[in-house]
Amino acid sequence: MTGQVTDEMAAALEQVSVPVIVQGQPSTQFETVNVDNQHAGELLVPLIADAEPSDVLLLGVDPSVDYNVGQVRFDAVINALNGQMKRVYTSFDRSETITVMRDYLATHQLPKYIIAATDIIALGALAAVQEQGFNVPNDVKIVAFDNSPAAEIVTPALTTVGFDYFVLGQWLYRRLKDLSQPEPVLHDPMLAGTLVRRTSW
């Protein structure tokens, strides 16, 4: 389970004598199981149908750290708006995201829409926006990905694209079991997400 398959990681895994499945990133060297990040981003396109590119802030991680989360989740939105939108990089840490958003709001106008690469990043943005006295969703709408437990207990509750990670775990097991057979029948499944509408959007 990884944010990226580095050359060092690939070299180490190629020496392993048991079946290997990579979850989290595509790979040409190993069998994989992933959530469908492209489709997840497509689910957000109707939400920003009337938006101008300048209305939207993409808040995520550097794609070189995690390409699926940092880029693929945003691709459909970028293509739909077909323009130069604001983009800010942070880490997967909520506290760091709060600091990043504070710095951004000190020098930029509040966007109308924030699309965060993960729920945890969205929660950092939400905290920073609220401490500045802004209202979500009246002043700014926020949406994210993952549907983590925290997404439904914050105020306002977070609109997010959810994935069934229990099913993903089942797929990982089945693929490992298949790889152990003499003639495995392989395919690369992509687990689709579902948009969970709550009150942050």
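Residues numbered from 1 in each chain as written. Predicted model: local features only at pLDDT ≥ 70, side-chain atom pairs only at ≥ 80, totals over all residues. Heavy atoms only, no water.

A. Local environment of the sheet that holds strand β7 (residues 159–162). Sheet architecture is open: 6 strands sit in the order β4-β3-β5-β6-β7-β9, paired in mixed fashion. Edge positions in the sheet fall to β4 (86–90) and β9 (194–196), since each has one partner strand and no second. Pairwise comparison of adjacent strand axes, ignoring direction, gives a mean angle of 20° for this sheet. Bridging between β7 and β9 involves 3 bridges; their strand directions are antiparallel. Residue Gly162 lies in a different strand from β9, and its bridge partner there is Thr194. Strand contacts of helix α3 (residues 67–81): β3 (56–61), β4, β5 (113–116) and β6 (141–146), with the helix running at about 165° to β3, the strand carrying the most contacts. (Pairing = 2+ DSSP bridges. Helix = DSSP H or I, 4+ residues; strand = E, 2+ residues; numbered from the N terminus. Axes fitted to C-alpha atoms, helices over the stretch in contact; angles between N-to-C directions. Contact = heavy atoms within 4.5 Å.)

B. Looking closely at unusual backbone geometry. Cis geometry marks the peptide bond from Val136 to Pro137; its omega dihedral reads 15°. Of note, Pro137 is situated in the loop between α5 (119–131) and β6. At the junction of Thr155 and Pro156, the peptide bond is cis and its omega measures out at -5° in the coordinates. In this fold, Pro156 is placed in the loop between β6 and β7. In this structure, Asp146 takes a positive phi of about 120° despite not being glycine. In this structure, Asp146 sits in strand β6. For Asp146, a relative accessible area of 17% puts it in the buried group. In this structure, Asn147 takes a positive phi of about 55° despite not being glycine. Inspection of the secondary structure assignment puts Asn147 in the loop between β6 and β7. When its relative accessible area of 29% is taken as the criterion, Asn147 is described as partly exposed. (Buried < 20%, exposed > 50% of the residue type's maximum accessible area, 1.4 Å probe, protein only.)

Geometric descriptors of this kind do not, in isolation, establish any biological role.
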